[in-house]
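Fold and contact review
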Amino acid sequence: AAAKIVMDSKKYSLNTSGNQPYRDLFITRIPKANEVMLATVYSVADGITNGMNRRSTASTLGTPFSPIRQFMNIYLKLDGSRYTDDPSYLTDEFMTEFEGRDKRIAQTIRVPGTIRSNGPAYPDWQVTFTGYMGMKFCTDDANLDGMYSNENNYVWMRYAEVLLNYAEAKAELGTLTDADWAE
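Everything in this summary refers to the structure shown in the same document. None of the values given here were measured: they were computed from a predicted structure.

Moving on, we come to the side chain of Glu-35. Here Glu-35 shows up in the loop between α2 (21–27) and β1 (36–40). Judged by its relative accessible area of 2%, Glu-35 falls in the buried class. Excluding its chain neighbours within four sequence positions, the residues that come into contact with Glu-35 are Tyr-12, Ser-13, Leu-14, Asn-15, Leu-25, Met-157, Arg-158, Tyr-159 and Ala-160.

Laid out in structure tokens, this is it:
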């Protein structure tokens, strides 16, 4: 019921602007107000910064986000089909397993061809234990690695989560319809 109230308000929408609309939600300084409902905003000028680059690129702060392949396999293909339904998924190599996949995968981890200023294009094996190096909250500026100088906002709640909660609740109640899904 709460998700439906938010949806009916028409106050929020999914962010679709830019080349990497999903990633932009997590690396911009000012939250994308159309989708972000709750965020912490950081500012060097105000003396409030975060260390998301450091947490993503330094193994000395505990284990950085380093997902395993089974997690990466849940990302669908661009046509909406399951990646694991393709018989080649078991033998696809790291350099090609991201081809034809949900675009959010390349906005969550560093895939072959990812470009950073002054940093490695491919996963840094000193930081990732699986080869999948997270970058969701990490900016492309490698000069911020190892520091607490990030100004990118930290998203706590976004409209996409409201939509997912709505669909999951309807599914658990056994009342999810095609119309609900379209909504």
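Don't stop here, the text continues.
Another point: a nonpolar patch on the surface. Together, Phe-65, Ile-68, Phe-71 and Ile-74 line one region of the surface with nonpolar side chains, adding up to about 390 Å² of accessible area. Structurally, Ile-74 can be placed in the loop between α4 (69–72) and β2 (154–158). A relative accessible area of 56% places Ile-74 in the exposed class.

Using the criterion set out here, one finds 11 aromatic pairs in the structure. A ring pair is formed by Phe-94 and Phe-98, whose centres lie 5.3 Å apart and whose planes are at 90°; its orientation type is edge-to-face. Residue Phe-94 is classed as partly exposed on the basis of its relative accessible area of 24%. Plain terms: the ring middles of Phe-137 and Tyr-154 are 5.0 Å apart, the flat faces sit at 20° to each other, and that makes the pair stacked. Of this pair, Phe-137 sits in the loop between α4 and β2 while Tyr-154 sits in strand β2, and the two are 17 residues apart along the sequence. Judged by relative accessible area, which is 23%, Tyr-154 ranks as partly exposed. By the ring-pair criterion, three or more aromatic residues cluster together here, those being Tyr-22, Phe-26, Phe-137, Tyr-154 and Trp-156. Between Arg-101 and the ring centre of Tyr-83, over which it is positioned, the NZ or CZ distance is 3.6 Å. Above the plane of the ring of Phe-26 lies Lys-136, whose end atom (NZ or CZ) is 4.5 Å from the centre.

A few words now on the side chain of Asn-153. Relative to the helices and strands, Asn-153 is located in the loop between α4 and β2. A distance of 3.5 Å separates the side chain of Asn-153 from the backbone oxygen of Leu-25, its partner in a polar contact. Apart from residues lying up to four places away in sequence, Asn-153 is in contact with Leu-25, Phe-26, Thr-28, Arg-29, Ile-30, Pro-31, Ala-39, Thr-40 and Tyr-42.

Attention now moves to helix α5 (residues 159–173). The end-to-end C-alpha distance of α5, which contains 15 residues, comes to 21 Å, matching closely the 21 Å that a straight helix rising 1.5 Å per residue would cover. Of the residues making up α5, those classed as buried are Tyr-159, Ala-160, Val-162, Tyr-166 and Ala-167. Down the axis of α5, the smallest arc covering the buried residues is 165°, so these residues share one side. Turning to α5, the residues buried within the fold contact α1 (2–9), β1, β2 and α6 (178–182). Note on α5: the residue one or two positions beyond its end, Gly-174, has a positive phi of about 75°.

For the rest of this paragraph, the subject is the pattern of salt bridges. Tallying each qualifying case throughout the model produces 11 salt bridges. For Lys-4, the salt bridge goes to Glu-183, with nearest N and O atoms at 2.4 Å. With a gap of 179 residues between them, Lys-4 in helix α1 and Glu-183 in the segment after α6 connect regions that are remote in the sequence. Here Arg-23 ties to Asp-140 by a salt bridge, and the two come within 3.1 Å at their closest N and O atoms. Highlighted residues: Arg-23 in helix α2 and Asp-140 in the loop between α4 and β2, separated in sequence by 117 residues. Looking at Asp-140, the relative accessible area reads 29%, which means it is partly exposed. Taken together, the shared-partner salt bridges connect Lys-4, Asp-8 and Glu-183 into one network.

Criteria and thresholds
Residues numbered from 1 in each chain as written. Predicted model: local features only at pLDDT ≥ 70, side-chain atom pairs only at ≥ 80, totals over all residues. Heavy atoms only, no water. Helix = DSSP H or I, 4+ residues; strand = E, 2+ residues; numbered from the N terminus. Buried < 20%, exposed > 50% of the residue type's maximum accessible area, 1.4 Å probe, protein only. Contact = heavy atoms within 4.5 Å. Patch = residues over 30% accessible without salt bridge, like charges linked within 9 Å, V, L, I, M, F, W, Y side chains within 5 Å. Areas by Shrake-Rupley, 256 points an atom, 1.4 Å probe, with all protein chains shown as cover. Salt bridge = Lys/Arg side-chain N within 4 Å of Asp/Glu carboxyl O. Phe/Tyr/Trp six-rings, centres within 6.5 Å; stacked < 30°, edge-to-face > 60°. Lys NZ or Arg CZ within 6 Å of the ring centre and 35° of its normal. Polar contact = N/O pair within 3.5 Å; in protein donor to acceptor, adjacent residues only side chain to side chain. Expected span 1.5 Å × (residues − 1). Arc of directions from axis to C-beta.

Taken by themselves, the reported measurements are silent on function.
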